[in-house]
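The primary structure of each chain is shown beneath.
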Amino acid sequence: MAYDDNNVFAKILRGEIPCTRLYEDDFALAFPDIRPQAPVHILVIPKAPYICAADFNANAPAGEIAGFYRAVAKVAKDAGVEESGYRLIANVGPDSHQEVPHFHVHILAGRKLGTMLVNPL
Ligand code: AMP
């Protein structure tokens, strides 16, 4: 599958759709999720075009991978949730309900998050 340049996060990266920039560096951009599911719900996306975590983890240069995940940790720390805790989610493909085909990590925090899945086995 080819990367779709018209996905909403590609448009945010090009400045065609606005977002509240919480953090930005050479590797990553972080902004609040438009439909928050926890008091803290932040998305961190790589600057470069990767479809999903599988694509990013397999194909990104090591420096980009390190830079991205360090940015995720920094965003969580800056949001003040490092001690209280947080959950990272990266949806990959149809079963995961990935909606936006540009790799992103959700940072969820700010309350007791409960069990991992709504409908566990
Ligand atoms: P996923 O289901 O993992 O692909 O998550 C995509 C997320 O992107 C959802 O939680 C949406 O609420 C969020 N989202 C979609 N459009 C925007 C936007 N323009 N700004 C911020 N978040 C968005």
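One numbering rule holds for all chains: residues counted from 1, following each sequence as written. Reporting of local features is limited, given that this is a predicted model, to residues whose pLDDT is at least 70; pairs of side-chain atoms are given and counted only at 80 or more, and all residues count toward the totals for whole chains, interfaces and linings. Hydrogens and water molecules were not included; the side-chain quantities draw on all heavy atoms of the structure.

Peer 1: Which residues make up the packing of aromatic side chains, and what values go with them?
Peer 2: Two numbers describe a pair of aromatic rings. These are the distance of the centres and the angle of the planes. Centre distance within 6.5 Å is the pairing criterion for rings of Phe, Tyr and Trp, where only the six-membered ring of Trp is used; planes under 30 degrees apart are then read as stacked, over 60 as edge-to-face, and the remainder as tilted. A full pass over the atoms with the stated rule returns 7 aromatic pairs. Plain terms: the ring middles of Phe56 and Phe68 are 5.2 Å apart, the flat faces sit at 65 degrees to each other, and that makes the pair edge-to-face. Separated by 12 residues along the polypeptide, Phe56 in helix α2 (residues 53-59) and Phe68 in helix α3 (residues 62-78) bring together distant segments of the chain. Classification of Phe56 by relative accessible area gives buried; the value is 0%. Helical segments are the DSSP runs of H or I of at least four residues, strand segments are the runs of E of at least two, and each set is numbered from the N terminus. Relative accessibility thresholds used throughout: buried, under 20% of the residue-type maximum; exposed, over 50%; partly exposed, between the two (1.4 Å probe, protein chains only).

Peer 1: Give a description of the site of the ligand that names residues and reports values.
Peer 2: One heavy atom suffices: a residue is near a molecule or strand as soon as one of its heavy atoms comes within 4 Å of it. Inspection of the region around the ligand gives 16 residues, with Asp33, Asn91, Glu99, His104 and His106 positioned closest. In this structure, a nitrogen atom belonging to the ligand sits 3.1 Å away from a main-chain N or O atom of Ile34. The definition of a polar contact used here is a pair of N or O atoms within 3.5 Å, where within protein one atom must be able to donate a hydrogen and the other to accept one, and adjacent residues in sequence count solely through side-chain atom pairs. At 2.8 Å from an oxygen atom of the ligand is found a side-chain nitrogen or oxygen belonging to Asn91. Only the protein chains shown count as cover for residues, with accessible areas throughout obtained via the Shrake-Rupley method and a probe of 1.4 Å. Coverage of the ligand by the protein amounts to 89% of the 500 Å² it exposes when considered alone. When contributions to the shell around the ligand are tallied by element, the ones reaching two or more residues are α1 (8-13) and β2 (28-32). At 3 residues, the largest contribution of residues to the shell around the ligand is made by α1. Grouping the amino acids of the shell around the ligand by side-chain chemistry returns 8 nonpolar, 5 polar and 3 charged. Residues are grouped as follows: Ala, Val, Leu, Ile, Met, Phe, Trp, Tyr, Cys and Pro are nonpolar; Asp, Glu, Lys and Arg are charged; all remaining types, including Gly, are polar.

Peer 1: Could you give me a rundown of unusual backbone geometry, with the residues and numbers involved?
Peer 2: If you check the backbone angles, His97 has positive phi at about 70 degrees while not being a glycine. Of note, His97 is situated in the loop between β4 (86-89) and β5 (105-109).

Peer 1: Any details on the sheet that holds strand β1 (residues 23-24)? Residues and values, ideally.
Peer 2: Adjacent strands of a sheet pair through backbone hydrogen bonds, lying either parallel or antiparallel. Whether two strands pair comes down to DSSP finding at least two bridges between them. Read across the sheet, 5 strands follow the order β1-β2-β3-β5-β4 without closing on themselves; strand pairing throughout is antiparallel. Each end of this open sheet is capped by a strand with a single partner; those strands are β1 and β4. Here 4 bridges tie β4 to β5, and the two strands are oriented antiparallel to one another. Paired with Leu88 across the two strands is Ile107, which belongs to β5. For this analysis, residues touch if any pair of their heavy atoms sits within 4.5 Å. Interaxial angles span 0 to 180 degrees and are taken between N-to-C directions of axes, which are lines fitted to C-alpha atoms, for helices over the stretch in contact. Strands β1, β2, β3 (40-46), β4 and β5 of the sheet are contacted by α3, whose axis makes an angle of about 160 degrees with β3.

Peer 1: How would you summarise α3 if you had to cite specific residues and measurements?
Peer 2: In an α-helix, one turn spans 3.6 residues; hence positions three or four apart end up facing the same way. The span one expects for a helix is its residue count, reduced by one, times 1.5 Å. The end-to-end C-alpha distance of α3 is 24 Å, a good match for the 24 Å that 17 residues give at a rise of 1.5 Å each. For α3, every residue scored as buried is listed here: Gly67, Phe68, Ala71, Val72, Val75 and Ala76. On its buried side, α3 packs onto β1, β2, β3, α2, β4 and β5. Looking one or two residues past α3, Gly80 carries a phi angle of roughly 80 degrees, positive in sign.

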